Amino acid sequence: MEKYTQLTYFSSKYENIVIALGMFDGLHIGHQEVIRTAVKKAQEIKGTALVFSFANHPRAVIVPEGAPHRIGCQSVRLRILKNLGVDALVEIAFTSSFAETTANGFIHLLQQYFAPKYIVVGENYTFGRGGRGNPNLLKEQSGRYGFHLIVCPPVLYGGVPVSSTRIRALLAQGDLSHVNAYLGYPFTVTGTVIHGQERGRTLGFPTANVSLHESYESPPNGVYAVMVVHKKHSYHGVANIGNNPTFGGYDRRLEVHIIDFSGDLYDSEITVSFFFKIRDEQRFSTADELIIQIKKDKEAAIKGLKESFRLQENISMVI
Ligand SMILES: Cc1cc2nc3c(=O)[nH]c(=O)nc-3n(C[C@H](O)[C@H](O)[C@H](O)COP(=O)(O)O)c2cc1C
Ligand SMILES: Nc1ncnc2c1ncn2[C@@H]1O[C@H](COP(=O)(O)OP(=O)(O)O)[C@@H](O)[C@H]1O
């Protein structure tokens, strides 16, 4: 998959462009439906499946104080798009001047740079200044510009449309099984392993530490059963998100004890996929009490991950 951060004349670079439009924050099963539809259509017409999106959330420019945190990090987003079969991703910066583009101006821009044969959107897709453009406007203009429009109905889960807003709420509750069902893949954090206090090894549970960025969503503080991928090998693990209150508190971070692993992970990249929450983070009176609890957490993770094997099926989406 090629990635572009600037608009250029894609229509002279690629044949028969099928363009999927949207912010696609989180790439949940509803977004995947739109993108899969575009990929399928591109295969049918021997064309190019292209996703046109933004590098930053438009709401971060339009209503900075109400800007949502992003769901999932950029490297996971790229892997999912590649695994869905997207040929090209165009992710431009959404600036305050771009926000002034009218809905008709945006359709004109699509024609100018992409000359798409097909445009694929979700039913609730809006675009252009004030979000005034919608699928009806695209339909009205399709004849004039010579593209076909495909509108995908919302994907439902438990009778309710899947949305990024709903996923954020479920994540805040630590409800990873529903988050993962809505995403269609396990919620995943990637990062470079950094140094901590070197206390983990003295407790008998070394933990690979990864920073959490504030502009991205993360599960609430607590202990989780996870799968870790490092250099194409996957492992079960038990992770803590929090501040280590037992030891006086540090910056909030993710720490993972990888089961049946030994080796040096500093400065290398790990991928941590979350499956279920085991408990809240606690302040223990002594290190020994924490050690006893971590042993129980590890057993709970091993047991739960073994029993919920089907949950792990879609991990291939993110690696
Ligand atoms: C499964 C697991 C559960 C943990 N639970 C807690 C907890 O409830 N409270 C706490 O203060 N620290 C908890 N920790 C964090 C340990 O305090 C931390 O791993 C230890 O201090 C090592 O830190 P270091 O990586 O900086 O060496 C947990 C760690 C793991 C691996
Ligand atoms: N099973 C394991 N799980 C996690 N990290 C491990 C494991 N075995 C060895 N390590 C290494 O040990 C380091 C963590 O040890 P720890 O004492 O917690 O140090 P730190 O406080 O720097 O994280 C990891 O960064 C990794 O390099």
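Our structure's up above, just so we're on the same page.
Description of the structure in this document. (Residues numbered from 1 in each chain as written. Chains lettered and ligands numbered in written order. Predicted model: local features only at pLDDT ≥ 70, side-chain atom pairs only at ≥ 80, totals over all residues. Heavy atoms only, no water.)

### Some words on the overall build of the chain
Item 1. Counting secondary structure elements, the chain contains ten helices and 14 strands.
Item 2. Taking 2.2 N^0.38 as the reference for a compact globule, 319 residues should give roughly 20 Å; the C-alpha atoms of the chain span a radius of gyration of 22 Å, in line with that estimate.
Item 3. Each principal axis of the C-alpha atoms in the chain carries an extent, and together these give about 75 × 40 × 40 Å.
Item 4. Looking at the 319 residues of the chain, the share that counts as buried comes to 50%.
Item 5. Considering only contacts within the chain whose residues lie at least 6 apart along the sequence, 74% involve residues at least 24 apart.
Item 6. As displayed, the chain has an accessible area near 15,400 Å², and 50% of this comes from carbon and sulfur atoms.
Item 7. For the chain, the separation between the mean place of its 33 positive charges and that of its 29 negative charges on side chains is 4 Å. (Helix = DSSP H or I, 4+ residues; strand = E, 2+ residues; numbered from the N terminus. Rg over C-alpha atoms; globule rule 2.2 N^0.38 Å. Buried < 20%, exposed > 50% of the residue type's maximum accessible area, 1.4 Å probe, protein only. Contact = heavy atoms within 4.5 Å. Areas by Shrake-Rupley, 256 points an atom, 1.4 Å probe, with all protein chains shown as cover. Lys, Arg positive; Asp, Glu negative; His and termini not counted. Charge placed at Lys NZ, Arg CZ, Asp CG, Glu CD.)

### Regarding empty space enclosed by the protein
Item 1. Taken as a whole and assessed by the stated rule, the structure comprises two cavities of 30 Å³ or more.
Item 2. Taken together, Asp-25, Gly-26, Leu-27, Arg-70, Ile-71, Gly-72, Cys-73, Val-76, Arg-77 and Tyr-185 make up the full set of residues lining the largest cavity.
Item 3. For the lining of the largest cavity, the residue count by class is five nonpolar, two polar and three charged.
Item 4. When its volume is computed, the second largest cavity comes out at roughly 30 Å³.
Item 5. In terms of lining, the second largest cavity is formed by Ile-71, Gly-72, Val-76, Leu-183, Tyr-185, Phe-187 and Thr-188.
Item 6. Of the residues in the lining of the second largest cavity, the class split is five nonpolar, two polar and no charged. (1 Å grid on protein atoms, 1.4 Å probe; cavity = no way out; pocket = protein on both sides within 12 Å on 5 of 7 lines; lining within 4 Å. Points joined across faces, edges and corners; volume = space filled by probe spheres on them. Nonpolar A, V, L, I, M, F, W, Y, C, P; charged D, E, K, R; others polar.)

### Quick notes on the nonpolar core
Item 1. Counting 60 residues, the largest nonpolar core has Ile-35, Phe-187, Leu-254, Val-256 and Phe-274 as its most contacted members.
Item 2. Ranked by the residues each element gives to this core, the list is headed by strand 11 (residues 222-230), at six residues.
Item 3. Apart from residues no more than four positions distant in its own chain, Val-256 is found in contact with Pro-206, Thr-207, Ala-208, Val-226, Val-228, Val-238, Ala-239, Ile-270 and Val-272.
Item 4. Judged by nonpolar contacts, the second largest core, of 32 residues, contains Phe-54, Phe-98, Phe-114 and Tyr-125. (Core = buried A, V, L, I, M, F, W, Y, C linked by side-chain atoms within 4.5 Å.)

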